[in-house]
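# A structural walkthrough
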Amino acid sequence: MTEADVAPAVAQATLADPDAAEKSAAPASRITGSLARRMIAIAALWISVLLIGGGFALDRVLTGAITRNFDSSLEYVLIAMIRSSEIGPDGEVRLVEPLGDQRFLEPYSGLYWQISGGNQEPYRSRSLWERTLRAPTPHIDNQIHTYDSNQFPDEELRVLERNVILPGSKTNWRYQIAQSREALDAQVGAVRQTLIPSLALLGIGLIILAALQTFYGLWPLRHIRRAIAAMRGGQNRRVDAPLPLEVQPMVDELNALLAHNEKQAEEARLHAGNLAHALKTPLTVLVNSATSSDSELAETVRREAATMQRQVDHHLARARAVGRRGAAQARAVVWDSVHSVSRAVAALYPNARLDAEGDKTLIVRVERQDLDELVGNLLENAAKYGGGSVFVTVQRDGSMAEILVEDDGTGISPDDRVRVIDRGVRLDSGKPGTGLGLAIVRDVAEIYGGSVTLEESEDLGGVLVRLRLPAG
């Protein structure tokens, strides 16, 4: 047995012993990290981004609301100042009614007002004492202008100002009211002291929930691992535990793969038994001939050795087909196989004429080597047993590809068409052969999900062999 013939047997042995496959693949296995850690890391990153962005936006909203409320109180005082202002006899501005807040009377209280304009000395609150509110670069504010000022080294101010022309005066008076930002900053700080820990606690809680969700969601995978371990230990043959919808398709595919492997292992055992049975009779004949000193021992050895060789070829062809059947990428162009095999058969049988027609692009889901063996057996039989004309038709029939091989021989009766496909049956014993050609075609075709039938050729009058294989 050659090295190429040994490979399928090794493959079958591996399928029959999953532990051996696992041991042989163990050195090449790699762990690319924890799926749970990946999911938790992604969730933590996304939660952090959302909370940081949301916290920043919420901080802007709350800080803006507090600042607007702070400015509104100062704006109310500024409007009250304007309403209670009048022009004195010397053209100076004065307040008819004093402002109600007592802090305007306390020096450096943090709440100040000032009115300035023209060449007049600024009219300011007692709380400013000897200080003066500094106005920005001269400009006209017909609407209330709000800004922060750090003109006092020890006190940052929030300033509101507006320019007004009072009745009886042509001077553009600038009204200013200022308050220390200490109270405003304290309110903003209090909000942030509550907001930041709350968001941090919320983030930690969400990450913990994401981790629990991940572990709970991946828990069925642990059931699968235990079920596979139980199968390896011989306790179960399938993963039959109820699983979520997202995991069940994977388990179904796993069970289908196990069934496929078991079927291949069973076929391998069956092939070995058939081969042993097929070789038993020729070996018995050889032993009996050798012990009886038969004068025709050499001829008997040659005949029985040829039978044994044919049996070995038959079972090896089946073993190779079984080993390659699971390859989803198996594809072969029918016309290429027909063309190459026709040339080889024509060289063996120069008196036979081989013609072909049909779909030259048709593809079947069969390995090219097996397709050549199928077509080769059919063409060789047609050239050997036919009358000299062989015609091949390649066509598609739904999801199947059909290869029709016709000859102009004497044909086969309907009663013999089923029997002749059986292994070792020959209707014409006058020509060399073992009667395994059609049996090989049938077995290999069935392995790939196809079939072979014998019919009568309407055009040539001989046999029509219809080989059906799954189309690609």
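Above this text you will find the structure in question.
Residues numbered from 1 in each chain as written. Predicted model: local features only at pLDDT ≥ 70, side-chain atom pairs only at ≥ 80, totals over all residues. Heavy atoms only, no water.

## Description of the overall build of the protein chain
Within the protein chain, the regular secondary structure consists of 11 helices and 14 strands. The buried share among the 472 residues of the protein chain stands at 38%. Residue pairs at least 24 apart in sequence account for 60% of intrachain contacts in the protein chain once pairs closer than 6 positions are excluded. Of the accessible surface of the protein chain, which amounts to about 27500 Å², a share of 56% is contributed by carbon and sulfur atoms. (Helix = DSSP H or I, 4+ residues; strand = E, 2+ residues; numbered from the N terminus. Buried < 20%, exposed > 50% of the residue type's maximum accessible area, 1.4 Å probe, protein only. Contact = heavy atoms within 4.5 Å. Areas by Shrake-Rupley, 256 points an atom, 1.4 Å probe, with all protein chains shown as cover.)

## Here's the deal with the environment of R226
Inspection of the secondary structure puts R226 in helix α5 (residues 219-232). Overall, R226 belongs to the partly exposed group, its relative accessible area being 43%. In this structure the C-alpha to C-alpha distance between R226 and V239, which are 13 residues apart in sequence, comes to 9.4 Å.

## Here's the deal with a nonpolar patch on the surface
A contiguous nonpolar surface patch, about 550 Å² in accessible area, is contributed by L202, I204, L206, I208, L209 and L212. Within the element layout of this structure, I208 appears in helix α4 (residues 182-217). (Patch = residues over 30% accessible without salt bridge, like charges linked within 9 Å, V, L, I, M, F, W, Y side chains within 5 Å. Salt bridge = Lys/Arg side-chain N within 4 Å of Asp/Glu carboxyl O.)

## A short note on the sheet that holds strand β5 (residues 145-152)
Spatial strand order, β4-β3-β7-β6-β5: five strands in an open sheet with antiparallel pairing. At either margin of the open sheet sits one strand with a lone partner, and together these are β4 (123-124) and β5. Lying over the sheet, helix α3 (residues 35-83) contacts β3 (111-116), β5, β6 (155-165) and β7 (172-180), oriented at roughly 40 degrees with respect to β6. (Pairing = 2+ DSSP bridges. Axes fitted to C-alpha atoms, helices over the stretch in contact; angles between N-to-C directions.)

## Re the sheet that holds strand β11 (residues 389-397)
The mixed open sheet is built from five strands, whose spatial order is β9-β11-β12-β14-β13. Unpaired on one side and paired on the other, β9 (353-358) and β13 (451-456) mark the two borders of the sheet. The average angle at which neighbouring strand axes cross in this sheet is 20 degrees, direction not considered. The pairing of β13 with strand β14 (residues 463-470) spans six bridges and is classified as antiparallel. Considered in β14, the bridge of E455 is made with L464. Its contacts with the sheet place helix α8 (residues 334-348) against β9, β11 and β12 (400-407), and it is angled at close to 175 degrees to β9.

## Points about the pairing of β11
Pairing analysis gives six bridges linking β9 to β11, with the strands arranged parallel. From the neighbouring strand, A356 faces β11, where its bridge partner is V392. Between the antiparallel neighbours β11 and β12 lie two residues, among them G398 with a positive phi of about 70 degrees.

## Some words on the nonpolar core
Core analysis: the biggest nonpolar cluster contains 39 residues, and V364, L371, L379, I403, V405, L467 and L469 have the highest contact counts within it. Mapped onto this core, the elements with two or more residues apiece are α8, α9 (368-385), β11, β12, α11 (437-447), β13 and β14. Sorting elements by how many residues they give to this core places α9 first, with seven residues. Apart from residues no more than four positions distant in its own chain, V405 is found in contact with L378, L379, A382, V390, F391, V392, V463, L464 and V465. (Core = buried A, V, L, I, M, F, W, Y, C linked by side-chain atoms within 4.5 Å.)

## Structural notes on the pairing of β7
As a general feature of sheets, a regular strand has side chains that alternate between the two faces. Burial of β7 is extensive: eight of the nine residues sit out of reach of the surface. Bridge analysis of β3 against β7 gives six bridges, and the strand direction is antiparallel. Within the sheet, the bridge partner assigned to S116 lies in β7 and is R174. In this structure, β6 lies alongside β7, joined through nine bridges in antiparallel fashion. By the bridge assignment for β7, I165 is matched with N172.

## Structural notes on the packing of aromatic side chains
Following the criterion strictly, the structure yields two aromatic pairs and no others. On the basis of an interplanar angle of 80 degrees and a centroid distance of 5.1 Å, the ring pair of W113 and Y123 is categorised as edge-to-face. Of this pair, W113 sits in strand β3 while Y123 sits in strand β4, and the two are 10 residues apart along the sequence. By relative accessible area, which is 29% here, Y123 ends up partly exposed. When the ring centre of F152 is taken as origin, the NZ or CZ atom of R131, which lies over that ring, is 3.9 Å away. (Phe/Tyr/Trp six-rings, centres within 6.5 Å; stacked < 30°, edge-to-face > 60°. Lys NZ or Arg CZ within 6 Å of the ring centre and 35° of its normal.)

## Some points on the pattern of salt bridges
All chains considered together, the criterion is met by 18 salt bridges. Here the salt bridges share partners, and the residues they tie into one network are D71, D148, R158, R181 and D185.

## Focus: the packing of α4 against α5
At a minimum axis distance of 4 Å, the contact between α4 and α5 shows a crossing angle of 30 degrees. Judged by the angle between their axes, α4 and α5 are roughly parallel. Contact residues: F215, Y216 and G217 in α4; W219, P220 and R222 in α5. Of the residues contributing to the contact of α4 with α5, the split by class is four nonpolar, one polar and one charged. (Parallel < 35°, antiparallel > 145°, perpendicular 65-115°, else oblique. Nonpolar A, V, L, I, M, F, W, Y, C, P; charged D, E, K, R; others polar.)

## With respect to α9
Helix length check: α9, at 18 residues, gives a terminal C-alpha distance of 26 Å against a target of 26 Å (1.5 Å per residue), a fit within 8%. Among the residues of α9, D370, L371, L374, V375, G376, N377, L378, L379, A382, A383 and K384 are the ones counted as buried. (Expected span 1.5 Å × (residues − 1).)

## Some details on the packing of α8 against α9
If you want to describe how two helices pack, look at the angle between their axes and the distance between the axes. Viewed as axis vectors pointing N to C, α8 and α9 meet at an angle of 45 degrees, and their least axial separation amounts to 9 Å. Judged by the inter-axis angle, α8 sits oblique to α9. Considering the relative orientation of α8 and α9, their crossing is right-handed. Listed contacts from α9 to V334, D336, S337, V338, S340, V341, S342 and V345 of α8 are R368, L371, D372, V375, G376, L379, E380 and A383. Class assignment for the residues of the contact of α8 with α9 results in eight nonpolar, four polar and four charged. (Left-handed = near helix turned anticlockwise from the far one by under 90°.)

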